[in-house]
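Structure at a glance
If you want the building blocks of each chain, they are given just below.
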Amino acid sequence: MTSTVHTLAHPSGTLDLTVDDQGQGHTYLLLHGGGGPQTVAPFARLLAEQRDARVVTPVHPGFGGTQRPDWLTDVTTLAESYALLLDELDLSGVTVVGNSIGGWIAAELALVGSDRISAVVLVNAAGIHVPGHPIADTFSLTPSELSKLAFHDPAPFAIDPATLPEAARAVMAANRSALEVYSGPHVMADPTLRGRLAAVAVPALVVWGAGDQVVDADYGRAYAAAFPDAEFRLLPNTGHMPQIETPGQLLSVLADFAEAGH
């Protein structure tokens, strides 16, 4: 795996993106959620090692100790930046995979209309409003409370921030601050997104952990229904982050989707 910094020229300003790139084969752009890049790093390695796959994993600016320019304050602008990254790397036939807010970014990236994208995969994504199925207000929860909502079986994944080094706690705090900025004024959603998804021109796969209590499975079904061409897959014994809790299940679903020609 190689980690590089790419300097992009967005209309709003210059942006430095830290990107990990590993493996060879079909290209996946893997977008992490609010927990930071470490929530997808092991799955990126697994995908690159066990499948014919090149996995490109950017760090959302402001996460993982990176800098976020003042003009980068919303998911739409971040999605535009990732379209520029695909151009910079001269990638084609890319499957965009995103978890949580990364799934929201993937949905917006599908709407940018880049012909470099062949399909999108949303994994327990945020981003839309579904009446009766609110997204949990994660900013009001302690790490322990959030873990109970996020995992089907939280015990193996429990983290006590008090036991972490000061530098790690500082990164966690910065991740949280960046997530608050990107999530916007509507609690991890854009009220216009659900209607706009009718314009997506590529196939979509919406994957959901059945035990997710951050965003429930009916929210995921509504997400899939908003796309013109989408499939919904429910993963048993899995919560909000399948790539951590049941990575084998997620890998199998991705493989099925890829083998179907997406």
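Our subject in this report is the structure included herewith. Within any chain, residue numbers begin from 1 and follow the written order of that chain's sequence. The predicted origin of the model limits local features to residues at a pLDDT of at least 70 and limits the giving and counting of side-chain atom pairs to 80 or more, whereas totals for whole chains, interfaces and linings rest on all residues. Hydrogens and waters are ignored; side-chain quantities use all the structure's heavy atoms.

Our focus in this paragraph is the layout of surface pockets. A pocket here means an open set of points on a 1 Å grid, computed over the protein atoms alone, that has protein on both sides within 12 Å along at least five of seven lines. A cavity is instead a set of points where a 1.4 Å probe fits but cannot get out; residues with an atom within 4 Å of a point line either one. Grid points are joined across faces, edges and corners, and a volume is the space filled by probe spheres set on the points. The computed volume of the largest pocket comes to approximately 1100 Å³. Around the largest pocket, the lining comprises 39 residues; the ones closest to its centre are G34, G35, L146, M172 and M241. The secondary structure listing takes helices from DSSP runs of H or I that are at least 4 residues long and strands from runs of E that are at least 2 residues long, numbered from the N terminus. Broken down by secondary-structure element, the contributors of at least two residues to the lining of the largest pocket are α4 (143-150) and α5 (166-183). The leading source of residues in the lining of the largest pocket is α5, at seven residues.

Turning our eyes to something else, we now look at the packing of helix α1 (residues 41-50) against helix α9 (residues 247-259). For helices, the fitted axis covers only the stretch in contact; all axes are lines through C-alpha atoms, and the angles between them, taken along N-to-C directions, range from 0 to 180 degrees. One can describe the packing of α1 onto α9 by two numbers: an axis separation of 11 Å at closest approach and a directional angle of 50°. Compared by their axis directions, α1 and α9 come out oblique. Crossing of α1 over α9 shows right-handed handedness. Contacts from F43, L46, L47 and Q50 in α1 reach P247, L250, L251 and L254 in α9. Just so you know the grouping, Ala, Val, Leu, Ile, Met, Phe, Trp, Tyr, Cys and Pro go in nonpolar, Asp, Glu, Lys and Arg go in charged, and all remaining residues, Gly too, go in polar. Residues belonging to the contact of α1 with α9 are distributed by class as follows: seven nonpolar, one polar and no charged. Every angle not falling under 35 degrees, over 145, or within 65 to 115 is termed oblique; those three ranges are roughly parallel, roughly antiparallel and roughly perpendicular. Each crossing gets its hand from how the near helix is turned against the far one by less than a right angle, where anticlockwise is left-handed and clockwise is right-handed. Only heavy atoms matter for contacts: two residues are in contact if any of them lie within 4.5 Å across the pair.

Okay, the pairing of strand β6 (residues 117-123) next. Taking burial as the measure, the seven residues of β6 include six buried ones, the bulk of the element. One bridge is not enough; two strands pair if DSSP finds at least two bridges between them. Sheet topology note: the strand β5 (residues 94-99)/β6 ladder contains six bridges and is parallel. From the neighbouring strand, T95 faces β6, where its bridge partner is A119. The handedness rule is simple: strands pointing away from the viewer, and a clockwise path from the first strand over the helix to the second, make the crossover right-handed. With respect to chirality, the unit in which β5 leads through helix α3 (residues 101-112) into the neighbouring parallel β6 is right-handed. Here β6 runs beside strand β7 (residues 204-209); their pairing, made up of four bridges, is parallel. For V120, the partnering residue across the bridge sits in β7 and is A204. The cut-offs for exposure are 20% and 50% of the maximum accessible area for each residue type, with area from a 1.4 Å probe on protein chains only; residues under the lower value are buried, those over the upper are exposed, and the others partly exposed.

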